[in-house]
Amino acid sequence: MQSNNDFVAWFRSIVPYVNEFRGKTFVVVFDGEIILDKCSAEFFRDLNLLVNLGVKLVVVHGIYPQIRTKIKEANLYLKYIKGQCVTDAAILKLIKETVGQIRIEIEALLSMGLSKPPMANSTICIANGNYITARPIGIVNGVDLMFTGEVRKIDMSAIRDRLDQGEMVLLSPLGYSRIGEVFSLTPENVAIEVATSLKADKLIFLMDTPNIGRKSHGELNKSLNELTLSEARILLSNLENKDFRLSKETKKYLSCAIQACVGGVDRIHLISRLIDGAMLQELFTHKGVGCMISRGSLWTFRSAEIDDVGGILQLIEPLGNEGVLAGRDRKLIEIEIDQFLVLEHDNMIIGCAALNHFLGTNIGELTCLAIHSDYRNKGCGDSLFRHIKMRAKRLGIKKLIVLTTKASHWFTERGFNEISVEDLPKIKQGKYNYKRRSKIFIRNI
Ligand SMILES: CC(C)(COP(=O)(O)OP(=O)(O)OC[C@H]1O[C@@H](n2cnc3c(N)ncnc32)[C@H](O)[C@@H]1OP(=O)(O)O)[C@@H](O)C(=O)NCCC(=O)NCCS
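Residues numbered from 1 in each chain as written. Predicted model: local features only at pLDDT ≥ 70, side-chain atom pairs only at ≥ 80, totals over all residues. Heavy atoms only, no water.

Section: helix H3 (residues 40-52)
Logical step 1: Taking 1.5 Å as the rise per residue, H3 with 13 residues should run 18 Å; its terminal C-alpha atoms sit 19 Å apart, in good agreement.
Logical step 2: Burial analysis of H3 places 10 of its 13 residues in the buried class, the great majority of the element.
Logical step 3: Looking only at H3, the buried set comprises Ser-40, Ala-41, Phe-43, Phe-44, Arg-45, Asp-46, Leu-47, Asn-48, Leu-50 and Val-51.
Logical step 4: Within two residues after H3, Gly-54 carries a phi angle of roughly 100 degrees, on the positive side. (Helix = DSSP H or I, 4+ residues; strand = E, 2+ residues; numbered from the N terminus. Expected span 1.5 Å × (residues − 1). Buried < 20%, exposed > 50% of the residue type's maximum accessible area, 1.4 Å probe, protein only.)

Comments concerning the site of the ligand
Logical step 1: What surrounds the ligand is a group of 20 residues, the closest being Leu-369, Ile-371, Asn-377, Gly-379 and Gly-381.
Logical step 2: The contact in question runs from an oxygen atom of the ligand to an N or O atom on the backbone of Asn-377, over 2.8 Å.
Logical step 3: When its residues are assigned to classes, the shell around the ligand shows 10 nonpolar, 5 polar and 5 charged. (Near = heavy atom within 4 Å. Polar contact = N/O pair within 3.5 Å; in protein donor to acceptor, adjacent residues only side chain to side chain. Nonpolar A, V, L, I, M, F, W, Y, C, P; charged D, E, K, R; others polar.)

Things to note about the packing of aromatic side chains
One pair of aromatic rings is described through two measures. These are the centre distance and the angle between the planes.
Logical step 1: A full pass over the atoms with the stated rule returns 18 aromatic pairs.
Logical step 2: For the pair Phe-30 and Phe-44, a centre-to-centre distance of 5.7 Å together with 85 degrees between the ring planes defines the contact as edge-to-face. One end of the pair, Phe-30, is in strand E1 (residues 25-30); the other, Phe-44, is in helix H3, and 14 residues separate them in sequence.
Logical step 3: In this structure Phe-44 comes out as buried when scored by relative accessible area, which is 0%.
Logical step 4: Between Tyr-432 and Tyr-434, the aromatic rings sit 4.8 Å apart at their centres with planes inclined by 80 degrees, giving edge-to-face as the arrangement.
Logical step 5: Residue Tyr-434 is classed as exposed on the basis of its relative accessible area, which comes to 55%.
Logical step 6: Pairwise contacts between aromatic rings join Tyr-17, Phe-21, Phe-26 and Phe-284 into one cluster.
Logical step 7: The positively charged end of Arg-414 is found above the aromatic ring belonging to Trp-410, 4.0 Å away from the centroid. (Phe/Tyr/Trp six-rings, centres within 6.5 Å; stacked < 30°, edge-to-face > 60°. Lys NZ or Arg CZ within 6 Å of the ring centre and 35° of its normal.)

Here we look at the pairing of strand E21 (residues 399-404)
Logical step 1: Pairing of strand E20 (residues 363-371) with E21 involves 4 bridges; the strand directions are parallel. Looking at the pairing, Leu-366 lines up with Val-402 of E21.
Logical step 2: After leaving E20, the chain enters helix H13 (residues 380-394) and then returns to the sheet as E21, a path that is right-handed.
Logical step 3: Bridge analysis of E21 against strand E23 (residues 439-444) gives 6 bridges, and the strand direction is antiparallel. The residue bridging Thr-404 from the neighbouring strand is Lys-439, located in E23. (Pairing = 2+ DSSP bridges. Right-handed = clockwise from strand over helix to strand, strands pointing away.)

Quick word on the sheet that holds strand E5 (residues 126-127)
Each strand in a sheet pairs with another by means of backbone hydrogen bonds, the pair being arranged parallel or else antiparallel.
Logical step 1: Across the sheet, which stays open at both edges, the 8 strands sit in the order E5-E10-E2-E1-E13-E15-E16-E14 with mixed pairing between neighbours. The open sheet has two edge strands, E5 and strand E14 (226-228), and neither has a second partner.
Logical step 2: As paired strands, E5 and strand E10 (residues 168-171) are joined by 2 bridges and run parallel to one another. Opposite Ala-127, over in E10, you have Val-169 as the bridge partner.
Logical step 3: Helix-sheet contacts for helix H6 (residues 156-164) involve E1, strand E2 (56-61), E5 and E10, and the interaxial angle to E2 is about 120 degrees. (Contact = heavy atoms within 4.5 Å. Axes fitted to C-alpha atoms, helices over the stretch in contact; angles between N-to-C directions.)

Observations regarding the domain arrangement of the protein chain
Logical step 1: When the domains of the protein chain are assigned, the result is domain 1 (4-297) and domain 2 (300-444).
Logical step 2: A separation of 43 Å is found between the C-alpha centroids of domain 1 and domain 2.
Logical step 3: On the domain 2 side, the residues contacting the 11 residues of domain 1 number 10 residues.
Logical step 4: A buried area of about 940 Å², summed over both sides, lies between domain 1 and domain 2, and 46% of it is on carbon and sulfur atoms.
Logical step 5: Our enumeration of links across domain 1 and domain 2 arrives at 1 salt bridge.
Logical step 6: One salt bridge connects Arg-267 with Asp-346, and the closest N-O pair in it is separated by 2.5 Å. (Domains from an automatic or database assignment. Buried area = accessible area lost by both parts, 1.4 Å probe. Salt bridge = Lys/Arg side-chain N within 4 Å of Asp/Glu carboxyl O.)

As structure tokens, this is what we get:
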């Protein structure tokens, strides 16, 4: 961070996310590689940080690299039938040992995180229990998969109790049957079942792939930063004609994301674990660093409400300070809130515009049109302008004026013509700020 101003801007930028995430339920799933990673301590500290910010966190871990090594050392081998492995008694024994070791390592890493800034002196308990009932997958292609199982039921009320106590729930890829047998599960199966049963707000997969949808020459394909459920389905079913490749792992997680979305999870994030702080960057920045799959469209246009004043202020205050927009304080926005329309992306206000009707005339003024800098040049300004025109027409407005210091071409390209102060309605003429010397435009609607 370069200056105090950067710090203040950064701090303000994350506050809406902190407010948004408090009390929400996230499920984070990762395989065993992350524990072997040299940045693992930072990752586990970030998990603690989320809990400290009020997120109800369920963590699901895998064991793949560790169990692969153990099986090799024991001169055993894993047999796969249609992509699913056969777990015999000898392999199950190794799985149990491995799960035990990994849990201890994770608990140690989570505890270590609590002794250092920013988590020093905080206490977060890690909850563990027989929350998962499993059943055997059974026979596939004539082969018994033995102790390879799938989730049958999750004890949601027990997990909810722990989360409500502020504890982090750590789940392993094991489940127990009603007759006391232990079954090996995949972490994805556990995570999807838990997330859908809890109706989690987010399900986050940490992948080993550098990122979803890199083009063949390695450049990130920005169109894959966000997908709706139907876009994700199309992407998976139509892979041949694309100018980018999806790794095998990405395809696997994309289909997990679809499954979770269908099961009722609102947002699924696929993030590369190879990026330092990837989870925080994905969750606390507009741009993110991964791919987010959502059940429906993330975009909403609506009339502003009094609770939106903070979000609007955050958007327009920097533009007011730069002289791009006329300054407006909280009080004024509160008074004029009914004039505002907002554009939301993923529950965050990223655009606004206001319409002021000069009563007794057929003239309206478009004011305070602003789009967050991360979302410019995507047609958001145009869409807000369209919504303002619709509102204006409903009010019987025939002419729209606008005052601007920095966007005159934007308006002339949309049919506005320049006029002078004398052409403004009398009430507006008296308020014209000769210091700002904004240009004035008008167009029929
Ligand atoms: C002006 C503003 C609302 C445009 O929103 P946007 O969502 O980025 O614009 P759109 O995506 O609808 O349109 C993009 C087009 O407008 C152009 N454009 C964007 N800002 C412009 C500006 N200030 N002046 C001229 N043209 C501009 C882009 O170059 C692009 O044109 P192109 O595709 O031909 O290159 C946005 O830049 C903004 O918030 N600016 C700061 C506040 C402001 O000046 N408000 C207007 C006064 S009320």
